Every structure is written in structure tokens, then in C-alpha cells.
Amino acid sequence: MTPRELRADVPAFEESTYLNFGAHGPSPRYVIEAASSFLADHEYGAGMADPYATAFDAYDRGRERIAGLIGADADEVALTESTTDGINRIASAIDWNPGDVVVRTDLEHPAGVLPWQRLEREGIEVRVVETQAGRVDREAFAEAVADARLVCFSAVTWTHGTRLPVSELVDIASDAGAFTLVDAVQVPGQLPMDVHEWGADAVAAAGHKWLLGPWGAGFLYVDHDVAEELEPRAVGYRSVETPTATEYVYKSGARRFEVGSASPAPHVGLIEAIDAIEEVGVDAVVSRIESLTDRLKAGVDDEQLLSPQGYESGLVTIAVDDPESTVERFAEEGIVIRSLPHPEAVRISVHAVSTEAEIDSVIELVGSK
């Protein structure tokens, strides 16, 4: 499949120029059809004969497919609702003590900020590593994590589109004895991903952005050995070995983070979305995004460009005087982008399914007054 053919499968692209994949990736028809078909079968079709077996089979298929995408083992994958959900599941599975230290960067999405803010109410110290132009200073990071209990940072920053050196930062934090949690939601679907190479204890992500999957199809990687040391606060029949036992025992691996009767439909759709992206090929996706973002950056004033001049991801951040009015002006021309709360800018999310004509339209509007 080519990027052009994938684009033709997405109905939303018939209505507008869509450049907001960093927030939401509209799904191809067959993704929604797969999710809808499963739901129909589960609720009033053949799946009614044994709805639990039907659901558990779908859960298993979802974990297997996601594991193949991210370089994990199936028992290291938990099906979640979202990246935020995954981060919270880790935050609530650690036995915190007053005075424990959490470290994050100043580039984190609210998903990587709010769970730690809640813990501050329980006496946890949160340190924020300040960054420059979407970059983390390794010495400042090492100093901050020296006595940390947990470190949380993004693989690709949602503010600048920069790729952080995940393996290096994980090594620094691990050497200090900290638990490492990576927000990777901006990675799957636009960049290669291998969680074993990263070496993090846990990685949270979701499929509703660059993978073009449905909302509700989140996933959480937890290293198998690390998972055995975690006790989730939420517990249900899916997270334990024998639900009716006098003393419950958590399931091994990441499945201890799955709780109850969640619909498998979003992850059924996600399987189709992963298949589509991989049919195009991750290398082809990367090459196409690089070409289009190079074209966009070449047409933007250097002083306005807040993302790196060289290719790192499909997220391109451009400084403007009034981000909200700029988004509205683009919308009037049928172009969907978004503003950022910080820095004062708009963000253009360029996918492999985007076109040169769309990029040229953005350049023209950014330059117009």
C-alpha cells in the first residue's frame, strides 16, 4: 500500500486538509468497520454464545499485535484506554513514601504532569528539568534524577517534535536507581519503536494518533520482571489469576494492569490500523514525512520555526503572534491545525498521507498577514 492509497481510505480527508495527527488521526473505513463488526457480533451475533471467550480472544490478539509493533513480548503489554490511563496505572502501582522524588521535564503533556501533581498532595516531591528548544541537558537531568524514585519523560516532545535520547536518559535514571516511565504516544505510526532497545521499565502510548486507530485503544508496556514488583491499586477479575480465590494473586506480567470488562472493539480496530501502517511500511512513512516536513520548514522563516531545522518527526511548531486566531484563520480555509499552550505557537502535524499541495497551503497562510 502507498501513502496515497492509505489516504484514499480515510473519509475525513475528503472534507478538509487535516494536519493535526499529533492530537488525533482520523481512521480508515476498514478500521471502524472492524471495530463495529466486532461490537455487533459480541452484542447480538455469534459472540453471544460465549461473550467472555470472544472478548478474551480479542484481548489476546490485540496484545500480540501491539507487542509485534513495539518490540515487546505479549505478556509485557496491557490494554488500556489511553496514554494518560497507562501513566496513571503505573503511578498508582508504586508504594510511595513522603519525600519520594518524581522527575519530569518541562515539555510533558498534561498526561505526564497531572498524576505527579496529585502525588504532591501526599508529600511527593516533583522536580522539573528545564529544557531549551526541546532539548534535555544530560548533566541537568543526571543531577535531578540522582535520588529520584521515578522519572517520566516523552520520547518525542509534543511541543517541538524533538526526539529525546530515550536510551541514554533511561540509562542515566536507571543508574541512579529510578523507575523509568516513557510517554511514547507520538511515536507509533510515524517512527520505528523498540521498547526493549529503549530499556525503560514502562512505556505508555496509544493508537489514536499516527496509527490512525480509534480512541480507547491505548497500551502500556511493562518490563516483565519489573511488573512482578508492582501492585496496582485497581484490581479485578482480569488482573488476577483466580478471581474467586480467598487470597488473590496478580497475573504475571503486564496483564495485572487490566481490570474488568472493557470493550475489545477499539483494539480490534487498532489491529487493522497497525496492519495498514505496516503495509505502507514504517521506512516509507518516515521517508515521506521527512520529505514533507523539509518542504514545510524550507518555506517558513527561520525565526518562526521552533522545531529543529533537520528532520526528527512530523510535528512542526511555528511561532505566531496569536495562535488561536491563526488556528481560526486556517480553519476558514479548511485546514485543521492546533495551537499550543506553550510555546506561543501553532503546531502542524505532517503524516505520510499528507500532500505537497497541503504543505504549500500552510506555507502561504503562515506567511500571509
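Everything below is about the structure printed above this text.
Quick caveat, the model's predicted, so the values are computed rather than measured. (Residues numbered from 1 in each chain as written. Predicted model: local features only at pLDDT ≥ 70, side-chain atom pairs only at ≥ 80, totals over all residues. Heavy atoms only, no water.)

Novice: What am I meant to see in the nonpolar core here?
Specialist: Soluble globular proteins tend to pack their nonpolar side chains together in the buried interior. Ranked by size, the top nonpolar core spans 62 residues in total, and within it Ile70, Val182 and Trp198 carry the most contacts. Those residues in contact with Val182 that lie beyond four places of it in its chain are Phe153, Ala155, Val166, Val170, Trp198, Ala200, Ala202, Val203 and Ala204. Judged by nonpolar contacts, the second largest core, of 26 residues, contains Ile94, Val102, Val222 and Leu230. (Core = buried A, V, L, I, M, F, W, Y, C linked by side-chain atoms within 4.5 Å. Buried < 20%, exposed > 50% of the residue type's maximum accessible area, 1.4 Å probe, protein only. Contact = heavy atoms within 4.5 Å.)

Novice: Explanation requested: helix 6 (residues 138-145) in the structure shown.
Specialist: What sets the pattern is the α-helix's 3.6 residues per turn: residues three or four places apart point alike. Of the residues making up helix 6, those classed as buried are Phe141, Ala144 and Val145. The buried residues of helix 6 occupy an angular sector of 85° when projected down its axis, which confines them to one face. Every exposed residue of helix 6 that faces more than 90 degrees away from the buried side is listed here: Glu139 and Glu143. Against the buried residues of helix 6 lie strand 3 (101-105), strand 4 (125-129), strand 5 (150-154) and helix 7 (166-175). (Helix = DSSP H or I, 4+ residues; strand = E, 2+ residues; numbered from the N terminus. Arc of directions from axis to C-beta.)

Novice: I keep staring at helix 12 (residues 323-332) and nothing clicks. Help me out?
Specialist: Considered for burial, the residues of helix 12 that qualify are Pro323, Thr326, Val327 and Phe330. Here the buried residues of helix 12 occupy an arc of 100° about the axis, which is enough to place them on one side. For helix 12, the exposed residues lying more than 90 degrees away from the buried face are Glu328 and Glu332. Summarising the contacts, the buried residues of helix 12 are in contact with strand 10 (335-336), strand 11 (338-340), strand 12 (345-349) and helix 13 (356-367).

Novice: I tried to follow the packing of aromatic side chains on my own but got confused; where do I start?
Specialist: By convention here, two paired aromatic rings are described through the distance between centres and the angle between planes. Taken as a whole and assessed by the stated rule, the structure comprises 9 aromatic pairs. Ring centres of Tyr18 and Phe21 lie 5.2 Å apart, and the angle between their planes is 80°; this geometry places the pair in the edge-to-face category. Residue Phe21 is classed as buried on the basis of its relative accessible area, which comes to 1%. Centroid distance Phe141 to Phe153: 6.1 Å. Interplanar angle 90°. Geometry classified as edge-to-face. A residue pair is termed long-range when its members are at least 10 positions apart, and Phe141 in helix 6 and Phe153 in strand 5 qualify at 12 residues. Phe153 carries the same exposure label as Phe141, and that label is buried. (Phe/Tyr/Trp six-rings, centres within 6.5 Å; stacked < 30°, edge-to-face > 60°.)

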